[in-house]
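Descriptive analysis of the structure
Spelled out from the first residue to the last, the chains are:
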Amino acid sequence: MNRISQMKTPSLTLIVPFFNGRHYLEKLFSSLLPQAETFHEIIAVDDASTDSSAEIIKTFCHKLPVRILHLPEHSGPAEARNTGLRKAAGQYIAFADSDDWTAPTLYSFLLETAERTSADLVQCGYYYVHEAEHLLIPRCSKWAKTDHATLRTFPELLFLDNVIWNKIYRRSMLEQYGIRFDSSMKMAEDLPFFFSTLMAAEKIVITDHPLYYYRQNRPGQLTAQKNRNRFAVFRAFENTNEFIDRHHFEYINPYLLHSALSLFAYMYEPLDEEFREEFFSCMRDYFLRHEISGKAHIPPGPWKNASFSDKMRWLILRRMHPLALKAVLNNDRKAYDRLIALRSFLQELPRKIPHIAGKNAAAD
């Protein structure tokens, strides 16, 4: 235990899973240096890397309270995060992906907000980073800004971003509900964690400060895969449904239907053609198995204070999701494909309009 962590009482544990991240880790850990006093510990979990990733992190150990754990074989980010959670001692937990980086005030801001408000979950905004295009697209969710909410009183929070790294979580809440990652999942493993923590939190604070930088389109990025791994989204929703049943959170089901339609479309759109027919059948089976009819109520998203990109999402939700659900239930893949093409066009609009997208030539 180094001197930095000896000086602090438990507050925040940051968990960083990594696998062959030597091109990115220096940027991430350099961004953590101004926040060193915020961390009780940083647990970096080596998912059996074969490059110099661990050596790069070791160069920061005299400046940050870092310890490196090594998995014996490559197991994926879910098992790496679970390994970090088993060893974590902080009162709050945060996650960072090894190819991203943070603003110098991210964790001090989230931790101060959590301690001031006694929140179980605090979230900030973030940037999509398209380095090749020197483009930053802010995602701030101003419509969701709140100092005190629960998912029961503000169920629209389920329409947030479905990511885990722009948040901190009270560790005792994770322990109380047994919230962990499904290690069998190689993609979409963060979805059940996102849904479960929102349901479990008794106090949620959402801020609109964009303080995390989410790198897009890097080589080898899991979300860029177009193969059968994308079918993991069905396991993600089954796990979420089991959590709902176990803890009696059935009130969220109409909103979860919105998320299912959104995320099924997100997974379907880039699939290689050889997998599309099977994926479409799996969608239909999911809705039939959960007795969801074409008349199911899909609640509209908030409109007030929404950004341009969020309004595109709400437009999809209000107008297109009921049609998409009916197309799937009617086994009409051609109609569904037409809706997917329109969805893709609408979601690309913010990037095609620079003054709305937030073009920034200094993405670094």
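Worth saying up front: this structure is predicted, and the values here are computed from it rather than measured. (Residues numbered from 1 in each chain as written. Predicted model: local features only at pLDDT ≥ 70, side-chain atom pairs only at ≥ 80, totals over all residues. Heavy atoms only, no water.)

Some points on the pattern of salt bridges
Tallying each qualifying case throughout the model produces 20 salt bridges. A salt bridge links Glu79 to Arg86, with the nearest nitrogen and oxygen atoms 2.9 Å apart. Residue Glu175 pairs with Arg180 through a salt bridge whose shortest N-O separation is 2.8 Å. Residue classification places Glu175 among the partly exposed residues on the basis of a relative accessible area of 41%. Exposure remark for Arg180: the relative accessible area of 29% places this residue in the partly exposed category. Here the salt bridges do not stand alone but share partners, grouping Glu273, Arg276, Glu277, Arg333 and Asp337 into one network. (Salt bridge = Lys/Arg side-chain N within 4 Å of Asp/Glu carboxyl O. Buried < 20%, exposed > 50% of the residue type's maximum accessible area, 1.4 Å probe, protein only.)

Let's talk about helix H5 (residues 106–117)
Its twelve residues give H5 an end-to-end C-alpha distance of 17 Å, which sits within 8% of 16 Å, the value for a rise of 1.5 Å per residue. Taken as a whole, H5 has its buried residues at Leu106, Tyr107, Leu110, Leu111, Thr113, Ala114 and Thr117. With its buried residues spanning 160° around the axis, H5 presents them on a single face. Among the residues trailing H5, Ser118 stands out with phi positive, at a value near 55°. (Helix = DSSP H or I, 4+ residues; strand = E, 2+ residues; numbered from the N terminus. Expected span 1.5 Å × (residues − 1). Arc of directions from axis to C-beta.)

Focus on the state of the cysteines
Covalent bonding between the sulfur atoms of two cysteines is what defines a disulfide. Summed over the entire model, instances satisfying the criterion amount to zero disulfides. The thiol of Cys124 is not disulfide-bonded; the next cysteine sulfur, from Cys140, is found 9.1 Å away. Relative accessible area serves as the criterion here: at 1%, Cys124 is assigned to the buried category. (Disulfide = S-S within 2.5 Å.)

Examining the packing of helix H7 (residues 190–200) against helix H8 (residues 232–247)
As a packed pair, H7 and H8 sit with axes 8 Å apart at the nearest point and diverge in direction by 25°. Taken together, H7 and H8 sit at an angle that is classed as roughly parallel. The element H7 and its partner H8 pack so that their crossing is right-handed. Along the contact surface, H7 presents Leu191, Pro192, Phe195, Ser196 and Met199, while H8 presents Val233, Ala236, Phe237, Asn239, Thr240, Phe243 and Ile244. (Axes fitted to C-alpha atoms, helices over the stretch in contact; angles between N-to-C directions. Parallel < 35°, antiparallel > 145°, perpendicular 65-115°, else oblique. Left-handed = near helix turned anticlockwise from the far one by under 90°. Contact = heavy atoms within 4.5 Å.)

Some words on the packing of aromatic side chains
As enumerated under the stated definition, the model contains 35 aromatic pairs in all. Look at Tyr126 and Trp165: their rings are 4.9 Å apart centre to centre, the planes differ by 85°, and that puts the pair in the edge-to-face class. Note that Tyr126 is positioned in strand S6 (residues 121–130) and Trp165 in the loop between strand S8 (146–149) and strand S9 (167–170), a separation of 39 residues in sequence. The same class applies to Tyr126 and to Trp165, which are both buried. Relative to Phe243, the ring of Tyr177 has its centre 6.1 Å away and its plane inclined at 45°; by these criteria the two rings are tilted. Taken together, the residues span a long stretch of sequence, with Tyr177 in helix H6 (residues 171–177) and Phe243 in helix H8 at a distance of 66 residues. Above the face of the Trp101 ring, Lys27 is positioned so that its terminal group lies 3.9 Å from the ring centre. (Phe/Tyr/Trp six-rings, centres within 6.5 Å; stacked < 30°, edge-to-face > 60°. Lys NZ or Arg CZ within 6 Å of the ring centre and 35° of its normal.)

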